[in-house]
Amino acid sequence: MQAVVLVGGFGTRLRPLTLHRPKQMLPACGVPMIEHVIAGLARHGVTEAILSLGYRPDAFIDAYPDGTCAGVKLTYAVEPEPLDTAGAVRFAALAAGVTDRFLAVNGDVVTDMDVTALVAFHEKSGAEATISLTPVDDPSRYGVVPTDDDGRVLGFIEKPPPGEAPTNWINAGAYVLEPSVLDRIADGRKVSIERETFPALAAQGTLFALGSDAYWVDAGTPATYLDIQLDLIDGRRGSPWPAVDPGSTVSPDATVDRAIIGAGAVIEAGARVERSMIGAGTRVGADAIVADSIIDADVVIGEGASVLELTVIGRGEQVPAGARLADDRVPPPDTWPPKT
Ligand code: GDD
Ligand code: MG
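Residues numbered from 1 in each chain as written. Chains lettered and ligands numbered in written order. Predicted model: local features only at pLDDT ≥ 70, side-chain atom pairs only at ≥ 80, totals over all residues. Heavy atoms only, no water.

Caption draft 1: Expanded view of the side chain of Glu194. Tracing the chain through its elements places Glu194 in helix α6 (residues 193–204). Notably, Glu194 is buried but unbridged: the nearest opposite-charge side chain belongs to Arg195, and the N-O separation is 6.3 Å. A distance of 2.7 Å separates the side chain of Glu194 from the side chain of Thr85, its partner in a polar contact. In this structure the side chain of Glu194 is engaged in a polar contact, spanning 3.2 Å, whose partner is the side chain of Ser192. (Helix = DSSP H or I, 4+ residues; strand = E, 2+ residues; numbered from the N terminus. Buried < 20%, exposed > 50% of the residue type's maximum accessible area, 1.4 Å probe, protein only. Lys, Arg positive; Asp, Glu negative; His and termini not counted. Salt bridge = Lys/Arg side-chain N within 4 Å of Asp/Glu carboxyl O. Polar contact = N/O pair within 3.5 Å; in protein donor to acceptor, adjacent residues only side chain to side chain.)

Next up, the structure:
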């Protein structure tokens, strides 16, 4: 089966990590997020992933020079300009010559969902499109999808105001689509699958959805990007992943507790690192504290500094000795270039 994987967004919520890289190329426990996503699809018989690219496409093309990722053949479709989710699916599917039933997925979702069951349900219901659903505590950040008892979708409400969602089952970002859906998507302009295509299909009664309570996280925010990595090392998805890269150096007088330490990183004596990601080649100086934070590659954290409360530090930055950061961004937002 072919799968269109949407990876063209700007990753705005993950800035400054995404100033130089698309979010799906950020590492999760040392492996680019896209590889976790494609490995999950491969387990359900996907043989070709059509990457729908927009923002910084070269990052993907350079990372997989042999044109495969997790054993799956890659096809690249680079949009001339952002076409939004449905426009991107159409552009990529046509570029790759899709003529049969296919999958489309949001490339920032990390999940153990049973795609095989989704396809089987789609087949049985005779739907034109089938959406996977997952339950969440706060549906307002997502596409909210009420259904009847047979799984027929009654409406699709993208990001409703807090407290107004009719259900807490939301669009999990994986779809089975008949090729006829492509004919419904206008050419040459932005089209949102969530705001335009799915509401139209729901109104005609040809959109179905299947819920699952399998592991599911949209890794598009600092908190959830950190969560998917802590879940891997905690063993919430099978055997625990190694947390500390063997190519890093952790002083015997440092404390590391539930933290991902990248290759070539150095944690000096007296430092404490907890519930955080330390990127490859980053140095955490003596007696510094890093907690609940994300530090990209090649950063230097000065002696005695504290970096706390979901602080995000971009690649190659320096934190002065003794500095105190909490819920901060380095470099700060007022220095970020406009989206290009
Ligand atoms: N190629 C391309 N072009 N890709 C795009 C574009 C575009 O113009 N816009 C967004 N994407 C990609 C992003 O890179 C991401 O992988 C995916 O499409 C979804 O975009 P997000 O920006 O991450 O959307 P979201 O998380 O706010 O909401 C979406 O995902 C939720 C589940 O995680 C929606 O589909 C919601 O309905 C859904 O609940
Ligand atoms: Mg997302």
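Caption draft 2: Region of the structure containing the sheet that holds strand β17 (residues 266–267). Reading across the sheet, the 5 strands line up as β15-β17-β19-β22-β25 and stay open at both edges, with parallel pairing between neighbours. The open sheet has two edge strands, β15 (249–250) and β25 (318–319), and neither has a second partner. (Pairing = 2+ DSSP bridges.)

Caption draft 3: Region of interest: the packing of aromatic side chains. This model, assessed by the stated rule, comprises 5 aromatic pairs. Pairing Phe156 with Phe198 gives two aromatic rings, centres 5.4 Å apart and planes at 40°, and the pair type is tilted. Taken together, the positions of Phe156 in the loop between β10 (143–144) and β11 (157–158) and Phe198 in helix α6 put the pair 42 residues apart, joining distant regions of the chain. For the pair shown, Phe156 and Phe198 are each scored as buried. Members of the aromatic cluster, connected to one another through ring pairs, are Phe156, Tyr175 and Phe198. (Phe/Tyr/Trp six-rings, centres within 6.5 Å; stacked < 30°, edge-to-face > 60°.)

Caption draft 4: Fine view of the site of ligand 1. Of all residues adjacent to ligand 1, which total 28 residues, the nearest are Glu79, Glu158, Asn171, Glu194 and Asp218. Within the side chain of Glu79, an N or O atom sits 2.5 Å from a nitrogen atom of ligand 1. Between an oxygen atom of ligand 1 and a side-chain N or O atom of Asn106, the distance comes to 3.0 Å. Contact with the protein chains removes 90% of the 740 Å² of surface that ligand 1 exposes when unbound. For the shell around ligand 1, the elements supplying multiple residues, two or more each, are α3 (84–95), β12 (169–177) and β14 (216–218). (Near = heavy atom within 4 Å. Areas by Shrake-Rupley, 256 points an atom, 1.4 Å probe, with all protein chains shown as cover.)

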